[in-house]
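# Structural characterization, general
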Amino acid sequence: EPEVTQTPSHQVTQMGQEVILRCVPISNHLYFYWYRQILGQKVEFLVSFYNNEISEKSEIFDDQFSVERPDGSNFTLKIRSTKLEDSAMYFCASGSLQETQYFGPGTRLLVL
Amino acid sequence: AQRVTQPEKLLSVFKGAPVELKCNYSYSGSPELFWYVQYSRQRLQLLLRHISRESIKGFTADLNKGETSFHLKKPFAQEEDSAMYYCALNGAGSYQLTFGKGTKLSVIP
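Since this is a predicted model, take the numbers as computed values, not measurements.

## Digging into the pairing of strand S11 (residues 107–111) of chain A
Residue and element names in this part refer to chain A.
- Burial of the side chains of S11 is restricted to one face: Thr107, Leu109 and Val111 are buried, whereas none of Arg108 and Leu110 on the reverse face is.
- Here 4 bridges tie strand S2 (residues 10–13) to S11, and the two strands are oriented parallel to one another. Looking across to S11, one finds that Val12 is bridged to Leu110.
- Note: strand S9 (residues 88–95) against S11, 3 bridges, orientation antiparallel. If you follow Met89 over to S11, its bridge partner there is Arg108.

## What about the packing of aromatic side chains?
Residue and element names in this part refer to chain A.
- Under the defined criterion, the tally for this structure stands at 17 aromatic pairs over all chains.
- Measuring from centroid to centroid gives 6.4 Å for Phe91 and Phe103, while their planes differ by 80°, and the two rings are edge-to-face. With a gap of 12 residues between them, Phe91 in strand S9 and Phe103 in strand S10 (residues 102–103) connect regions that are remote in the sequence.
- In this structure Phe91 comes out as buried when scored by relative accessible area, which is 1%.
- Given the relative accessible area of 3%, Phe103 is considered buried.

## A few points about the state of the cysteines
Residue and element names in this part refer to chain A.
- Using the criterion set out here, one finds 2 disulfides over all chains in the structure.
- A sulfur-sulfur separation of 1.9 Å characterises the disulfide bridge that pairs Cys23 with Cys92. Between Cys23 and Cys92, the S-S dihedral sits near -65°, and the bridge is therefore left-handed. Taken together, the positions of Cys23 in strand S3 (residues 19–24) and Cys92 in strand S9 put the pair 69 residues apart, joining distant regions of the chain.

## Notes on the nonpolar core
Residues and elements named next belong to chain B.
- Among the nonpolar cores identified, the biggest contains 24 residues, and Trp35, Leu47, Leu48, Phe70, Leu72 and Tyr85 are the most heavily contacted of them.
- Going through the elements one at a time, strand S2 (10–14), strand S3 (19–21), strand S5 (32–38), strand S6 (45–49), strand S9 (83–90) and strand S11 (103–108) are the ones with two or more residues in this core.
- Ranked by residue count, the leading element in this core is S9, at 4 residues.
- Excluding its chain neighbours within four sequence positions, the residues that come into contact with Tyr85 are Gln6, Leu21, Trp35, Tyr36, Val37, Leu47, Phe59, Leu72, Gly102, Thr103 and Leu105.

What counts and how
Residues numbered from 1 in each chain as written. Chains lettered and ligands numbered in written order. Predicted model: local features only at pLDDT ≥ 70, side-chain atom pairs only at ≥ 80, totals over all residues. Heavy atoms only, no water. Buried < 20%, exposed > 50% of the residue type's maximum accessible area, 1.4 Å probe, protein only. Helix = DSSP H or I, 4+ residues; strand = E, 2+ residues; numbered from the N terminus. Pairing = 2+ DSSP bridges. Phe/Tyr/Trp six-rings, centres within 6.5 Å; stacked < 30°, edge-to-face > 60°. Disulfide = S-S within 2.5 Å. Core = buried A, V, L, I, M, F, W, Y, C linked by side-chain atoms within 4.5 Å. Contact = heavy atoms within 4.5 Å.

Quick look at the structure:
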């Protein structure tokens, strides 16, 4: 059964550095999402992407964040200048329909 | 604004006992409700959607619009049901899922 994959599984970075989190969605899916979960808190929506553009974003998704689908398979989340509070688990998800979302295993980001 | 509340952080039941994981939501329109499960060290997996009205792994959930609830139930808990369970809501015309804080289910052998 096809699954969403994410790399790396863990990332440690210094405050102020740029990070790129990568995701390979399920191949025939059209909708792509990023969520994050700060330790001990709920899973929070960041952004959705459809038809090569952002379709919806939350207040968390400020100018420090960007998403890209550079080719037919990858979907990336970039954080330009990381802050301590960006430390979290970041989940990518994809779906063939707007409602059903299938999640990747997550990337644990630690900002020092 | 949409909100999902899971009042129990942790629920412990004995094997074979009935399970009910509570979920209440706040949304002005007609929502889509989901239950996701996360087993230890694994990804979030879709368990069921209210719109499909199916039973997965013996779990069922009924949307009660009057009580704005979508509680997850199973008549007889199994040890392998031990996991983190998240209730989530998708509002009409929206792309985002709003999650509850999750309930950790522990099934005692």
